[in-house]
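Structural features, examined
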There are 2 protein chains.
Amino acid sequence: MAKMMQTVDGNTAAAHVAYALSDAAAIYPITPSSPVGEICDEWAANGRENIFGQPVLIRQMQSEAGAAAAVHGSLAAGALTSSFTASQGLLLMIPNMYKMSGELLPGVLHVTARAIAAHALSIFGDHQDVMAVRQTGFGMLASASVQEVMDLSLVTHLASIESSVPFVHFFDGFRTSHEIQKIEMIDYADMAALVNMDAVAKFRARGVNPERPELRGTAQNPDIYFQGREAANPYYLKVPGVVAHYMQKVAELTGRHYRLFDYVGASDAEHIVVAMGSSCETIEEVVHHLTAKGQKVGLVKVRLYRPFSPEHLVDILPETARTLTVLDRTKEPGALGDPLYLDVCVGLMEQGRNIKVLNGRYGLGSKEFNPSMVKAVYDNMTGAGKNHFTVGIADDVTHTSLEVETGLDVSLEGTVQCKFWGLGADGTVGANKSAIKIIGDNTDMYAQAYFAYDSKKSGGVTISHLRFGKSLIQSTYLIDTADYIACHNPAYVHIYDVLEGIKSGGTFMLNSPWTVEEMQTRLPAAMRRTIAKKKLKFFNIDAVKIAGAVGLGGRINMIMQTAFFKASGVLPVGQALELLKKEIKKMFGRKGDKIVQMNVDAVDRTLDHLVAVDYPESWAGVSDDAPAPVEVPAWVTEVMQPILAQKGDRLPVSVFTPDGLFPVGTTQYE
Amino acid sequence: MAKMMQTVDGNTAAAHVAYALSDAAAIYPITPSSPVGEICDEWAANGRENIFGQPVLIRQMQSEAGAAAAVHGSLAAGALTSSFTASQGLLLMIPNMYKMSGELLPGVLHVTARAIAAHALSIFGDHQDVMAVRQTGFGMLASASVQEVMDLSLVTHLASIESSVPFVHFFDGFRTSHEIQKIEMIDYADMAALVNMDAVAKFRARGVNPERPELRGTAQNPDIYFQGREAANPYYLKVPGVVAHYMQKVAELTGRHYRLFDYVGASDAEHIVVAMGSSCETIEEVVHHLTAKGQKVGLVKVRLYRPFSPEHLVDILPETARTLTVLDRTKEPGALGDPLYLDVCVGLMEQGRNIKVLNGRYGLGSKEFNPSMVKAVYDNMTGAGKNHFTVGIADDVTHTSLEVETGLDVSLEGTVQCKFWGLGADGTVGANKSAIKIIGDNTDMYAQAYFAYDSKKSGGVTISHLRFGKSLIQSTYLIDTADYIACHNPAYVHIYDVLEGIKSGGTFMLNSPWTVEEMQTRLPAAMRRTIAKKKLKFFNIDAVKIAGAVGLGGRINMIMQTAFFKASGVLPVGQALELLKKEIKKMFGRKGDKIVQMNVDAVDRTLDHLVAVDYPESWAGVSDDAPAPVEVPAWVTEVMQPILAQKGDRLPVSVFTPDGLFPVGTTQYE
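Quick caveat, the model's predicted, so the values are computed rather than measured. (Residues numbered from 1 in each chain as written. Chains lettered and ligands numbered in written order. Predicted model: local features only at pLDDT ≥ 70, side-chain atom pairs only at ≥ 80, totals over all residues. Heavy atoms only, no water.)

With respect to the overall build of chain A
Helix and strand counts for chain A stand at 24 helices and 22 strands. Taken against the 2.2 N^0.38 rule, which gives 26 Å for 670 residues, the C-alpha radius of gyration of chain A at 26 Å falls within 12% of a compact globule. The C-alpha extent of chain A, read off along each of the three principal axes, is 85 × 65 × 50 Å. Buried residues in chain A amount to 63% of all 670 residues. Of the contacts made within chain A by residues no fewer than 6 positions apart, 78% connect residues no fewer than 24 positions apart. (Helix = DSSP H or I, 4+ residues; strand = E, 2+ residues; numbered from the N terminus. Rg over C-alpha atoms; globule rule 2.2 N^0.38 Å. Buried < 20%, exposed > 50% of the residue type's maximum accessible area, 1.4 Å probe, protein only. Contact = heavy atoms within 4.5 Å.)

In structure tokens form, the structure reads like this:
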């Protein structure tokens with residue numbers, strides 16, 4: 001099979017498979033799952049066909065409760081039906097989920113796993129939502145990367161059809177749902193060949209039909225309800241085998257192998273982490289790094305979380321395992337331990353494996369989980385052996401957190417890392433999405449893009465993180481050592497530590513109206529010092545001026561993208577600009593020739609106006625400007641200002657009220 | 001303190017405490033919790049005051065989702081607020097429960113734990129609903145009897161107020177919510193003396209108030225959400241201590257002692273059951289029975305389920321424990337084990353106690369759990385040691401069930417057991433409720449009543465189970481050896497095995513228009529044989545005739561109740577009828593003197609018309625009537641007819657479809 005590579009995000013990968021294998025989808029939008037439904041809806045409107053030769057019937061309901069009810073009803077009628085949701089949306093589906101599993105209806109929910117609103121709302125990723133449905137009788141499969149979303153979505157649908165058990169397929173909100181990666185797409189004809197069509201026919205034949213009336217959803221008394229609840233046991237007992245079977249089939253098709261639990265690391269590992277979701281990618285990077293140094297460490301990736309099969313877990317665990325650390329991306333206040341930990345402990349106990357097990361919590365609400373933090377988890381196993389720890393925060397209240405020695409860089413030789421500071425809705429994110437697709441789809445390089453923005457979206461700061469290179473990219477964390485940093489808004493030089501983490505000899509691209517001379521006074525001393533000390537290649541472009549001149553108003557994104565291709569050298573400039581112009585035609589074609597031409601003009605003018613700033617070596621020695629004295633409350637300096645300066649990650653637990661209250665009237669200090 | 005004994009059901013006990021300690025309650029009715037809200041609503045309408053000297057503000061919302069939102073909002077405004085729910089109702093509260101716990105708002109939900117609709121709906125009791133909210137950050141306390149509902153409701157409210165953590169207080173649907181027991185009521189003044197009024201004042205001061213604006217329910221980004229989620233840890237760490245403190249306070253007040261986990265049984269027990277809810281009462285009966293025979297067995301009753309405190313668990317576990325069986329009253333298809341089992345296993349592991357642990361499931365949808373089944377659980381520990389078993393059903397599909405040797409009678413000497421077969425809405429249940437209250441409130445006997453009826457309620461069969469005697473009654477299962485059986489509907493003698501389980505020399509009370517001679521032909525042979533063989537005292541009363549004569553139409557309940565007092569001899573007849581007439585005035589007073597007089601007349605006439613049936617000894621030898629041959633489908637004979645004959649408990653798993661489907665058009669065979 002010729003590989004069909006494409007540069008897409010996790011939501012698109014899920015939509016690709018869900019669309020293929022669904023007759024219908026009942027949806028209700030909720031961040032970060034909304035694009036899955038939107039993409040399917042657009043495909044359906046355009047007449048795209050699923051593997052059964054029909055467009056998918058898409059209906060948006062009044063809420064996720066209605067969507068779940070519609071999925072239940074549609075399945076009962078014999079239509080393969082899916083939905084896409086997260087967080088509170090998934091919680092609203094719970095009552096209907098019991099009905100679907102109770103009636104053995106093979107529906108699939110693709111969930112972009114997300115935090116739940118507690119002391120505060122969070123639209124970001126963790127496993128609080130999926131863990132809140134682990135008791136509903138759904139099968140649960142976890143994907144750790146965009147490629148896995150493609151592959152394991154397919155396994156999920158195939159296994160659900162064959163087993164008659166409904167499934168949740170989940171992947172981390174934003175980190176995987178919105179991360180763009182160059183992946184191999186699976187063709188619909190190849191998918192169709194794997195479907196158990198007998199099972200599909202049997203399922204359709206079970207659909208309600210006035211020609212063969214039957215009684216569903218009875219009310220049962222104490223005499224028979226319990227027996228009925230146990231009657232489905234044989235179906236659940238078969239699921240692990242069915243999932244393993246389809247993992248094998250997908251491996252034969254794609255060459256990518258999966259097991260219910262996958263192990264990577266030293267075959268004689270003593271200290272092993274067990275994790276689920278996107279963190280597995282980062283942990284695997286660290287495992288490669290540590291085993292290369294001779295350390296006996298490993299990682300178990302949990303794929304099939306429900307039904308939980310401890311036989312399969314101990315099967316892949318090295319005999320040498322002495323300590324396990326189970327990482328949970330959820331919090332259940334009052335529980336003895338988080339859910340994956342409980343399952344692993346009891347699984348080992350039942351299988352007679354006497355291994356010490358520790359439990360750690362990480363990544364709530366998309367909290368960063370990077371290689372330094374992973375290393376702290378391994379160090380804890382050989383060191384203090386703290387249990388029920390947190391990692392990634394400083395808990396100075398109940399002292400759960402691990403000490404993390406920052407700065408571990410495990411990125412692969414030849415991977416280029418670029419960071420772009422933009423203003424929400426200024427086009428930076430869109431331009432970077434197009435840039436990464438140009439790179440991914442026109443070179444043999446792997447490519448990854450992730451976009452960090454806060455929940456106010458438009459008007460807030462956006463930071464785009466782009467990586468590309470010859471090796472597979474598994475870095476599911478933000479870039480902290482950058483080859484290239486661009487600042488698309490000159491005001492940011494005073495607000496943010498824009499150059500944090502730039503490599504020596506790296507490239508800094510600034511959009512500003514300032515002359516080379518003005519830089520002396522406009523840039524803060526710390527920034528000038530970094531530029532000179534690290535001997536950065538420093539470029540300036542007055543993008544606003546160019547955009548104005550060609551008629552684009554404030555839309556500077558094509559200009560900054562051109563500047564990026566020129567300064568980064570990722571592609572020969574000529575080829576890059578050719579592709580960029582093709583992309584412009586695709587993006588703006590339906591808005592008319594004039595818009596296309598303005599953007600093409602902007603590209604052409606950029607090269608002439610890009611200025612290499614020849615800064616003096618003396619910048620290396622400048623001293624800090626004295627800060628202007630302002631009278632502000634302690635809360636503003638201690639909590640609010642660090643958050644605004646993008647340093648909120650460093651705030652310890654103690655600065656937050658336990659019930660989530662914040663003071664008001666603080667905008668005056670912004 | 002003078003003991004204030006009253007004969008009430010579990011819902012009334014919960015209402016008594018919830019009313020005392022709430023400023024407001026937002027409710028939505030769902031079986032079996034509805035009476036709690038109804039009772040509180042009636043009290044409020046009558047101006048009854050809580051401990052703060054005010055009627056409780058009660059508001060019914062549009063659904064449980066709205067009720068939960070109203071509880072959240074009301075708490076945020078500084079009002080102590082409660083709600084009452086079960087099953088799907090509790091599931092709809094989940095999103096708001098995360099908010100309440102996240103914001104540390106001390107709300108209390110009293111839950112009549114109930115099954116969840118899966119392959120079929122069930123209005124009956126188990127722990128599927130409460131187990132579906134164990135991750136929400138609520139504290140969870142379980143009561144096992146009506147007296148415990150009174151005592152631990154109080155502990156729950158007191159602990160919630162002091163800890164700022166919201167709580168679910170749960171007790172088994174129907175078995176405890178609707179069981180009537182003679183219990184000690186706690187006086188509102190005594191409750192008030194235990195409340196931490198400083199904590200109440202602090203809570204009220206935290207309420208939203210435009211005079212002190214503040215920001216609640218923020219949307220937090222990845223930088224700070226995780227820290228905020230850990231900021232409440234100190235509150236949760238304190239909860240076990242706070243609950244233990246108030247258990248001690250309630251013990252000082254009432255003399256009834258509770259711990260987070262309670263142990264009963266041999267101090268050198270080797271085989272110990274861990275359970276939660278009403279099953280603890282039955283298990284305790286069996287433990288007393290077995291330890292009296294020298295067996296080394298015991299029982300751990302789980303009171304505080306969340307936060308789960310393994311230190312407190314191992315504290316009360318005998319050093320001699322070799323095997324534990326954790327009984328879960330829930331099912332989570334695909335889980336390695338049910339939730340209490342997982343907690344106990346990991347708790348022991350973390351505490352370094354190396355004990356073999358088994359897991360059993362029982363009682364789904366109020367499936368009967370009686371002493372014979374309990375004994376099977378203990379026998380399994382010394383015998384086969386089967387894990388992940390079911391008990392109470394015959395699982396001939398996946399062979400999970402334990403063999404049960406039926407007939408173990410552990411009822412206490414002197415406890416009288418009476419069973420009444422009635423027709424839904426014929427007044428039998430109401431009359432038995434009044435009878436048990438007369439006995440409980442006017443003698444020094446303990447009294448218990450439980451009413452088994454199917455979910456169609458009106459028009460279906462009802463079976464009332466009454467026990468009374470000098471000893472505390474812990475039999476939380478149906479009566480299977482009866483001293484007295486009454487059949488209020490003559491048609492039942494052909495449909496049901498009405499006399500099943502009657503003791504030799506027991507009393508059988510029949511309502512029929514038949515003469516002594518007619519009994520010969522009207523009663524089926526099997527019934528006549530039982531009457532004669534067991535030498536029953538057999539009475540007949542033509543209650544319909546009496547009711548017609550005094551103008552009561554078909555309302556025979558007062559007549560049957562009079563007959564019961566006469567034939568059972570539980571009270572001197574004169575006193576009993578005096579009390580019954582007083583009760584009649586209370587019940588019908590507002591309907592006018594005429595109705596009162598008709599009922600009094602009915603009572604007076606009953607004694608004259610009660611006929612002791614002098615049956616011939618030859619009945620002992622009569623042979624069965626040949627059954628009329630009818631052509632019916634196998635499903636009707638194998639499934640439907642046993643269910644209709646009240647023998648559904650004996651149907652094995654294999655006769656049920658795994659997805660809950662039933663055939664239609666079967667009424668023709670009824």
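What about the confidence of the model for chain A?
Here chain A averages 95 in pLDDT, and 99% of its residues register 70 or above. Predicted complex metrics record ipTM = 0.96 and pTM = 0.96. (pLDDT = per-residue confidence, 0-100.)

A closer look at the relation of the copies chain A and chain B
When chain A is fitted to chain B, the best match, at an RMSD of 0.1 Å, comes from turning it 180° and sliding it 0.0 Å along the axis. Accordingly, the operation relating the two chain copies is best matched by a two-fold axis. Most of the interface of chain A is mirrored in chain B, where 100% of its interface residues again form contacts. (Least-squares fit on C-alpha atoms with pLDDT ≥ 70 in both.)

A closer look at the pairing of strand S3 (residues 57–60) of chain B
Judged from the 4 bridges that link them, strand S2 (residues 24–27) of chain B and S3 of chain B form a sheet pairing that is parallel. Directly across from Ala26 of chain B, in S3 of chain B, lies its bridge partner Arg59 of chain B. (Pairing = 2+ DSSP bridges.)

Side note on the pairing of strand S19 (residues 482–487) of chain A
Residues and elements named next belong to chain A. Among the 6 residues that make up S19, 5 are buried, leaving the element largely enclosed by the rest of the structure. In terms of strand pairing, strand S16 (residues 416–423) meets S19 through 4 bridges, oriented parallel. When the bridges of S19 are listed, Phe420 appears paired with Ala486. Sheet topology note: the S19/strand S20 (residues 502–511) ladder contains 5 bridges and is parallel. Looking across to S20, one finds that Tyr484 is bridged to Thr507.

Details of the side chain of Glu148 of chain A
Residue and element names in this part refer to chain A. Tracing the chain through its elements places Glu148 in helix H7 (residues 146–163). Accessibility expressed as a relative area gives 5% for Glu148, which makes it buried. A distance of 2.7 Å separates polar atoms of two side chains, one belonging to Glu148 and the other to Arg303. With residues up to four places along the chain from it excluded, the contact list for Glu148 reads Ser143, Ser153, Tyr258, Glu281 and Arg303. (Polar contact = N/O pair within 3.5 Å; in protein donor to acceptor, adjacent residues only side chain to side chain.)

Overview of the state of the cysteines
Residue and element names in this part refer to chain A. One pass over the structure, following the stated rule, counts 0 disulfides over all chains. Cys280 takes part in no disulfide bond, and the closest cysteine sulfur to it belongs to Cys345, at a distance of 18 Å. With a relative accessible area of 1%, Cys280 lands in the buried category. (Disulfide = S-S within 2.5 Å.)

Side note on helix H21 (residues 557–568) of chain A
Residues and elements named next belong to chain A. Compared with the 16 Å implied by 1.5 Å per residue over 12 residues, the 16 Å span of H21 between its first and last C-alpha is a close match. Listing the buried residues of H21 in full gives Asn557, Met558, Ile559, Met560, Gln561, Thr562, Ala563, Phe564, Phe565 and Ala567. Where H21 terminates, the next one or two residues include Gly569, which has phi positive at roughly 65°. (Expected span 1.5 Å × (residues − 1).)

Re the environment of Val611 of chain B
Residues and elements named next belong to chain B. Its place among the elements puts Val611 in strand S22 (residues 611–612). Residue classification places Val611 among the partly exposed positions, given a relative accessible area of 34%. Along the chain, Val611 and Gly469 lie 142 residues apart, while their C-alpha atoms are 27 Å from each other. Aside from chain neighbours lying at most four places away, what touches Val611 is Val516, Phe538, Phe539 and Asn540.

Points about the interface of chain A and chain B
At the junction of the two partners, chain A supplies 102 residues and chain B supplies 102 residues. The junction of chain A with chain B conceals about 9,200 Å² of combined surface from both sides, 64% of it contributed by carbon and sulfur atoms. Seen at the junction of chain A and chain B, the total is 6 salt bridges. One salt bridge in this structure joins Asp659 of chain A and Arg206 of chain B, with 3.3 Å as the shortest N-O distance. Mapped onto the side of chain A that touches chain B, the elements with two or more residues apiece are helix H4 (87–92), helix H5 (94–102), helix H10 (225–230), helix H11 (233–254), helix H14 (339–350), strand S14 (356–362) and strand S15 (389–391) of chain A. (Buried area = accessible area lost by both parts, 1.4 Å probe. Salt bridge = Lys/Arg side-chain N within 4 Å of Asp/Glu carboxyl O.)

With respect to the sheet that holds strand S18 (residues 461–469) of chain A
All names here are of chain A. One open sheet holds the 9 strands; their spatial order is S1-S8-S17-S18-S16-S19-S20-S21-S22, and the pairing between them is mixed. The open sheet is flanked by strand S1 (4–9) and strand S22 (611–612), the only strands paired with a single partner. The sheet contact formed by strand S21 (residues 537–541) and S22 spans 2 bridges and is antiparallel. Each residue of the ladder has a partner; that of Asn540, found in S22, is Val611. Packed on one face of the sheet, H7 meets S1 and strand S8 (180–185) and runs near 35° to S8. Packed on one face of the sheet, H21 meets S16, S18, S19, S20 and S21 and runs near 150° to S20. (Axes fitted to C-alpha atoms, helices over the stretch in contact; angles between N-to-C directions.)

Details of the nonpolar core
Formed by 222 residues in total, the largest nonpolar core has its most connected members in Val168, Val243 and Leu324 of chain A together with Val168, Val243 and Leu324 of chain B. Those residues in contact with Leu324 of chain B that sit more than four places away from it in its chain are Ile272, Val274, Leu317, Val344, Leu348, Ile355, Lys356, Val357, Leu358 and Met381 of chain B. Core analysis: the second largest hydrophobic core is formed by 51 residues, Tyr453, Ala486, Ile556 and Val603 of chain A among them. (Core = buried A, V, L, I, M, F, W, Y, C linked by side-chain atoms within 4.5 Å.)

Things to note about the sheet that holds strand S2 (residues 24–27) of chain A
All names here are of chain A. Reading across the sheet, the 7 strands line up as S3-S2-S4-S5-S7-S6-S12 and stay open at both edges, with mixed pairing between neighbours. Edge positions in the open sheet fall to strand S3 (57–60) and strand S12 (304–306), since each of these has one partner strand only. On average, each strand axis in the sheet is tilted by 20° relative to the strand beside it, whichever way the strands run. As paired strands, strand S6 (residues 139–142) and S12 are joined by 2 bridges and run antiparallel to one another. Bridge pairing links Met140 to Arg306 in S12.

Considering the packing of aromatic side chains
Residue and element names in this part refer to chain A. Following the criterion strictly, the structure yields 37 aromatic pairs over all chains and no others. Summarising the aromatic geometry, the rings of Phe508 and Phe538 are spaced 5.2 Å apart at their centres and angled 20° between planes, so their arrangement reads as stacked. Placement of Phe508 in strand S20 and of Phe538 in strand S21 is noted, with a sequence separation of 30 residues between them. The pair formed by Phe508 and Phe538 is uniform in burial state, with each residue classed as buried. In this structure an aromatic cluster arises from ring pairing among Phe420, Phe468, Tyr484, Phe564 and Phe565. (Phe/Tyr/Trp six-rings, centres within 6.5 Å; stacked < 30°, edge-to-face > 60°.)

Brief notes about the packing of helix H12 (residues 279–292) of chain A against helix H15 (residues 371–382) of chain A
Residues and elements named next belong to chain A. Axis separation between H12 and H15 bottoms out at 9 Å; the angle between their running directions is 65°. As judged from the angle between their axes, H12 and H15 are roughly perpendicular. Crossing handedness for the pair H12 and H15: right-handed. Note on element contacts: H15 touches H12 through Pro371, Val374, Lys375 and Tyr378, opposite Thr282, Ile283, Glu285, Val286, Val287 and Leu290. (Parallel < 35°, antiparallel > 145°, perpendicular 65-115°, else oblique. Left-handed = near helix turned anticlockwise from the far one by under 90°.)

Details of the side chain of Thr398 of chain B
Here Thr398 of chain B shows up in the loop between strand S15 (389–391) and strand S16 (416–423). A polar side-chain atom of Thr398 of chain B sits 2.9 Å from a polar atom in the side chain of Asp395 of chain B. Non-local contacts of Thr398 of chain B, meaning those with residues more than four positions away in its chain, are made with Asn233, Pro234 and Leu237 of chain A.

Notes on the packing of helix H21 (residues 573–588) of chain B against helix H22 (residues 593–609) of chain B
Two measures define how a pair of helices packs: the angle their axes make with one another and the distance between the axes. All names here are of chain B. It is the contact of H21 with H22, at a shortest axis distance of 9 Å, that shows an interaxial angle of 160°. The pairing of H21 with H22 is recorded here as roughly antiparallel in orientation. When you trace H21 past H22, the crossing you get is right-handed. Each of Val573, Leu577, Leu580, Lys581, Ile584, Lys585 and Phe588 in H21 lies in contact with H22, whose residues at this interface are Ile595, Val596, Asn599, Val600, Val603, Asp604 and Leu607. Among the residues forming the contact of H21 with H22, the class breakdown is 10 nonpolar, 1 polar and 3 charged. (Nonpolar A, V, L, I, M, F, W, Y, C, P; charged D, E, K, R; others polar.)

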